[in-house]
Amino acid sequence: MDAQQQSAIAPKMFINISILSIALNSSFFGYLLYSNRLYDVGKCCSSAVLLILPLSEVLKHLYIKHTFQLETGAKPSSLQPSSGRASGAGNVKATRARWREWVGSIVLFALATLFYAFICVVVGAPLDQYEETLSLAVTLTTVTIFPIILFIGQMQTYQLLLSETLELKSPLANSYLNLLKNNCIGVILGAWGASVVAPLDWDRPWQVYPIPNVVGSIGGLFGINVFNLLSTVYISLFRNRRPKAQ
């Protein structure tokens, strides 16, 4: 698939993944409200409700990977093993590399969670509410860093976080990575913007930290996906009409 074909497929990919993400986020909110679990989002140690979020991200990753065949890793070697011993050694190395990837991803997820927790404390999170801050940090990590780890792996995620640019092997993969980075902006803005309800004297149970911030982060992801969907549809329609106008 050449670059021109990938550019033509990119709008379809954006539309599909935005619709899927909107549907999953709406289902998550609907589940919280219907089951009266909204007040459990700040209790990651005593409630499993936040496990829905990584499952949703894994589902989106599998859909993108198998539907659009995005490749971000190293190209497979053209050399085939010449003996059973070489094949066995290659399998062992592959298994070790896979385990290193899993362990590295867990470490990166933990480091990102600690970083988010530190930022939360810096901007005013109560020092004595450890579980609530951890819940918010886990939520932020799950919907920002975790999808990128799933997509490009932990080594390239380190490179992305520590450098300004990261070029993948195909334009379509770069487009999806840019989409994930835009999602991060929406999530962070949503979590930060939701803080405005905390100091209001309404005395509502949903104002208790970190419920507004967790809901705001998911709402920010929902909003940025709506924006991506509408902008992609508009640009696609504009491009289709432009040749007719000429």
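A few points on the structure. (Residues numbered from 1 in each chain as written. Predicted model: local features only at pLDDT ≥ 70, side-chain atom pairs only at ≥ 80, totals over all residues. Heavy atoms only, no water.)

**Quick word on the packing of helix α4 (residues 130–162) against helix α5 (residues 171–193)**
Running from N to C, α4 and α5 point in directions that differ by 140°, and their axes come no closer than 10 Å. Of the possible angle classes, the one that applies to α4 and α5 is oblique. For the pair α4 and α5, the sense of crossing is left-handed. Across the interface between the two elements, Leu140, Val143, Thr144, Pro147, Ile148, Phe151, Ile152 and Leu160 from α4 touch Ala173, Tyr176, Leu177, Leu180, Lys181, Cys184, Val187 and Ala191 from α5. Grouping the constituent residues of the contact of α4 with α5 by class yields 14 nonpolar, 1 polar and 1 charged. (Axes fitted to C-alpha atoms, helices over the stretch in contact; angles between N-to-C directions. Helix = DSSP H or I, 4+ residues; strand = E, 2+ residues; numbered from the N terminus. Parallel < 35°, antiparallel > 145°, perpendicular 65-115°, else oblique. Left-handed = near helix turned anticlockwise from the far one by under 90°. Contact = heavy atoms within 4.5 Å. Nonpolar A, V, L, I, M, F, W, Y, C, P; charged D, E, K, R; others polar.)

**Thoughts on the packing of aromatic side chains**
Given two aromatic rings, their pairing is described by the distance between the two centres and the angle made by the two planes. Scanning the entire structure with this criterion turns up 7 aromatic pairs. Taken together, a centroid distance of 4.9 Å and an interplanar angle of 80° make the contact between Phe151 and Tyr176 edge-to-face. Here Phe151 is found in helix α4, whereas its partner Tyr176 is found in helix α5, with 25 residues between them in sequence. Its relative accessible area of 8% is what places Phe151 among the buried residues. (Phe/Tyr/Trp six-rings, centres within 6.5 Å; stacked < 30°, edge-to-face > 60°. Buried < 20%, exposed > 50% of the residue type's maximum accessible area, 1.4 Å probe, protein only.)

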